[in-house]
Amino acid sequence: MAVTEAQNPLLGENTCGSLLKKLQEIWDEVGESDEQRDKMLLQLEQECLDVYKRKVEQAAKSRAQLLQALSDAKLELSTLLSALGEKSFAGIPENTSGTIKEQLAAIAPVLEQLWQQKEERIKEFSDVQSQIQQICGEIAGNLNLNDVSPAVDESDLSLKKLDEYQSELQELQKEKSERLHKVLEFVSTVHDLCAVLGMDFFSTATEVHPSLNDSTGVQSKSISNDTLARLAKTVLTLKEDKKQRLHKLQELASQLIDLWNLMDTHPEERRLFDHVTCNMSASVDEVTVPGALALDLIEQAEVEVERLDQLKASRMKEIAFKKQAELEEIFARAHIEVDPDAAREKIMALIDSGNIELTELLANMDNQIAKAKEEAVSQKDILDKVEKWMSACDEESWLEDYNRDENRYNASRGAHINLKRAEKARILVNKIPALVDTLVAKTRAWEEDHGMSFTYDGVPLLAMLDEYAMLRHEREEEKRRMRDQKKHHEQRNTEQETIFGSRPSPARPVSSSKSGGPRANGGANATPNRRLSLNAHQNGNRSTSKDGKRENRLSAPVNYVAISKEDAASHVSGTEPIPASP
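Residues numbered from 1 in each chain as written. Predicted model: local features only at pLDDT ≥ 70, side-chain atom pairs only at ≥ 80, totals over all residues. Heavy atoms only, no water.

A. Structural context of the overall build of the protein. Along its length, the protein carries 20 helices and two strands. Residue burial in the protein is summarised as follows: out of 582 residues, 32% are buried. When the accessible surface of the protein is split by element, carbon and sulfur atoms take 52% of a total near 36300 Å². (Helix = DSSP H or I, 4+ residues; strand = E, 2+ residues; numbered from the N terminus. Buried < 20%, exposed > 50% of the residue type's maximum accessible area, 1.4 Å probe, protein only. Areas by Shrake-Rupley, 256 points an atom, 1.4 Å probe, with all protein chains shown as cover.)

B. Structural view of helix 14 (residues 415-430). Its 16 residues place the ends of helix 14 23 Å apart at the C-alpha level, agreeing with the 22 Å of an ideal helix rising 1.5 Å per residue. Taken residue by residue, helix 14 has Ala415, Leu419, Ala422, Glu423, Ala425, Arg426 and Val429 as its buried positions. Mapping the buried residues of helix 14 onto a view down its axis gives an arc of 165 degrees, with all of them on the same face. Exposed side of helix 14, more than 90 degrees from the buried face: Lys420 and Lys424 are the residues found there. (Expected span 1.5 Å × (residues − 1). Arc of directions from axis to C-beta.)

C. Focus on the UniProt feature "coiled-coil region" (unreviewed entry) in the protein. In the numbering used here, UniProt assigns the "coiled-coil region" (unreviewed entry) feature to residues 49-76, 155-182 and 355-382. Across residues 49-76 one finds 100% helix and 0% strand; the C-alpha atoms that close the span lie 40 Å apart. Between the first and last C-alpha atoms of residues 155-182 the distance is 39 Å; the span itself is 86% helix and 0% strand. (UniProt positions renumbered as here; feature names shortened; annotations may be inferred.)

D. Layout of the pattern of salt bridges. Summed over the entire model, instances satisfying the criterion amount to 13 salt bridges. The salt bridge involving Arg271 is made with Glu268; its shortest N-O contact spans 2.1 Å. With Arg271 and Glu268 both in helix 8 (residues 267-271) and three residues apart, the pair spans about one turn of that helix. On the accessibility criterion, Arg271 (42% relative accessible area) is partly exposed. Measuring nitrogen to oxygen at the nearest pair gives 2.9 Å for the salt bridge that ties Arg307 to Glu269. (Salt bridge = Lys/Arg side-chain N within 4 Å of Asp/Glu carboxyl O.)

E. Highlighting the packing of aromatic side chains. In the structure shown here, the tally under the stated rule is five aromatic pairs. Taken together, a centroid distance of 5.7 Å and an interplanar angle of 80 degrees make the contact between Phe125 and Tyr165 edge-to-face. You can see Phe125 sitting in helix 4 (residues 100-140) and its partner Tyr165 sitting in helix 5 (residues 159-197), a full 40 residues away along the chain. For Phe125, a relative accessible area of 1% puts it in the buried group. Their ring planes at 15 degrees and their centres at 5.2 Å tell us that Trp398 and Tyr402 sit as a pair that is stacked. Of this pair, Trp398 and Tyr402 both sit in helix 13 (residues 358-404), four residues apart, which is roughly one turn of the helix. In this structure Tyr402 comes out as buried when scored by relative accessible area, which is 7%. Above the plane of the ring of Trp398 lies Arg421, whose end atom (NZ or CZ) is 4.1 Å from the centre. (Phe/Tyr/Trp six-rings, centres within 6.5 Å; stacked < 30°, edge-to-face > 60°. Lys NZ or Arg CZ within 6 Å of the ring centre and 35° of its normal.)

F. Structural detail: helix 4. For helix 4, which comprises 41 residues, the first-to-last C-alpha distance of 56 Å matches the rise-based estimate of 60 Å (1.5 Å per residue) to within 8%. Backbone geometry just downstream of helix 4 places Gly141 in the positive-phi region, at approximately 80 degrees.

G. Quick look at the environment of Leu228. By secondary structure assignment, the location of Leu228 is in helix 7 (residues 225-263). Linking Leu228 and Ile139, residues 89 residues apart in sequence, is a C-alpha distance of 9.9 Å. Ignoring sequence-local partners within four residues, the contact set of Leu228 consists of Arg179, Lys182, Val183, Phe186 and Ile223. (Contact = heavy atoms within 4.5 Å.)

H. Structural detail: a negative patch on the surface. A contiguous patch of negative charge, built from Glu119, Glu120, Glu124 and Asp127, is present on the exposed surface. Secondary-structure assignment places Glu124 in helix 4. (Patch = residues over 30% accessible without salt bridge, like charges linked within 9 Å, V, L, I, M, F, W, Y side chains within 5 Å. Lys, Arg positive; Asp, Glu negative; His and termini not counted. Charge placed at Lys NZ, Arg CZ, Asp CG, Glu CD.)

I. Quick peek at the packing of helix 2 (residues 16-30) against helix 3 (residues 34-84). Closest axis-to-axis distance for the helix 2/helix 3 pair is 12 Å, and the angle between their directions is 155 degrees. In this view, helix 2 runs roughly antiparallel relative to helix 3, as classed from their interaxial angle. Relative to helix 3, the crossing made by helix 2 is right-handed. For the pair helix 2 and helix 3, the contacting residues are Leu20, Leu23, Gln24, Trp27 and Asp28 in the first and Arg37, Met40, Leu41 and Leu44 in the second. By residue class, the composition of the contact of helix 2 with helix 3 is six nonpolar, one polar and two charged. (Axes fitted to C-alpha atoms, helices over the stretch in contact; angles between N-to-C directions. Parallel < 35°, antiparallel > 145°, perpendicular 65-115°, else oblique. Left-handed = near helix turned anticlockwise from the far one by under 90°. Nonpolar A, V, L, I, M, F, W, Y, C, P; charged D, E, K, R; others polar.)

J. Examining the packing of helix 3 against helix 4 more closely. Following both chains from N to C, one finds helix 3 and helix 4 inclined at 30 degrees, their axes separated by 9 Å at the closest point. When the interaxial angle is binned, helix 3 and helix 4 end up roughly parallel. Two packed elements cross with a definite hand, and for helix 3 against helix 4 that hand is left-handed. In this structure, helix 3 contributes Arg63, Leu66, Leu67, Ala69, Leu70, Ala73, Lys74, Glu76, Leu77, Leu80, Leu81 and Leu84 to the contact, and helix 4 contributes Ile100, Lys101, Gln103, Leu104, Ile107, Val110, Leu111, Leu114, Trp115, Gln117, Lys118 and Arg121.

K. Region of the structure containing the confidence of the model for the protein. This prediction gives the protein a mean pLDDT of 75; 77% of its residues lie at or above 70. The secondary-structure element of the protein with the lowest mean pLDDT is helix 19 (residues 547-555), recorded at 32, while helix 5 shows the highest, at 90. Here residues 1-12 is modelled with pLDDT under 50, and outside its nearest four sequence neighbours on either side it reaches nine contacts, counting other chains as well. A low-confidence stretch, residues 503-582 (pLDDT under 50), is modelled with 138 contacts involving residues beyond four sequence positions or located in other chains. (pLDDT = per-residue confidence, 0-100.)

Laid out in structure tokens, this is it:
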């Protein structure tokens, strides 16, 4: 009561003490009893206690609220730091002392900064996830996903998670770029194929996907799996169409060329279809000219082939005879004898009878030509050796005539040429036996494989070779008899020289019997046919015994061969009838 009774200068007159004093004055004036006065004072004290108690409760409640706010702020700070992946933050006060309001005032700016950072981070996540969602939608072909914003997980807004999303975005962007590149490649291929095939590119591309037309930007083109698959299928279909059309066009071009060749079509008329025949041997990838495989071009070629077929039917006989001439030419090159008149009469009879179609007749003749070519190929090796054999026989015959010429060593014009030819002829003649043996072996092998006789212009080749071997044997016997006769003649001359002391004069010409022997021999061995010209090897054996002398002559001066006729006659009569080498 003493405190309350003290005057408070700040409150002026209305203080507890002044009011109590005034109350006592009133009680004195009224004459209140002490009991009543004590009762009223106790009531006043109780009312004061109630007021203080209410104020204390309000203060405690306010403190509890501030403590909860501080706890919530600290929890929010921890949650924000965890969500942002931050272990610490520069603005967080290290000192936790001070009043509650001071601590709240210290943590409030940090929370504000973290909230702002969280909002920025959420925006970054949303942007990255939106791009990821957009690209995934483009790849999946479901563009409706772009209408719904992606949900951001606010519990993990760390930079590490953001980097993961950005890495995923980069991979998707790379995949999108690759897919776009593939789409553009497919579109370019479709464009080129449509150009070659004469098709509408716009309708073909938009049929795959509307975004593939030229007016759409590159980034707006569909890159979905379905679009890529349909583009790949379209390219395969167009390539197959291109392959089939090229095959069809090449068949038509081949038919055109065959028909032109059959009917001797004028080059001017052929040039009208150069755009068809220019791709005759081209591969699928080599045909790139726009419109080269258009349907109207193929139809044009088909119409021309049909027209030429009808024209060919009207010239049936002429074409058939042309085929027959080709067949006869093959037989002639293969030295196979045929009866051309009978074959032509048969063709005429078939055509006039009308019992055979032109295509069937030409097909049969084509088969005959193919078989004749196969047979000619199988006989080529033997025919080449037959030609070599006959050529060697011709050289052998020439060499015999050359060796019988007594003036062959005179320094006349062309003598050195004949010397060289004689040298080559002797080498060739020496190869005849081996050539004949090889020819016989190959001919017999051919006859065993084919089960028929090998003929050369109607004559069995083995019979020709057997006849040649027999005549060659007879010629060798004739040579042996000539050598014996010569030896006997030389012995008789030696005996005469011993008895009379003289010998035939070198200047005396060789007797007609000596000079006539080789020619008689050559005439006996000669045949009217080139295939049986068997004069070779008459002097072949002597050529090997005179090689040294031949080489000396080839290396001597030109005027060395200009010897007198008497010396030549002496040389001939004293040694062999004919020198072995030039």
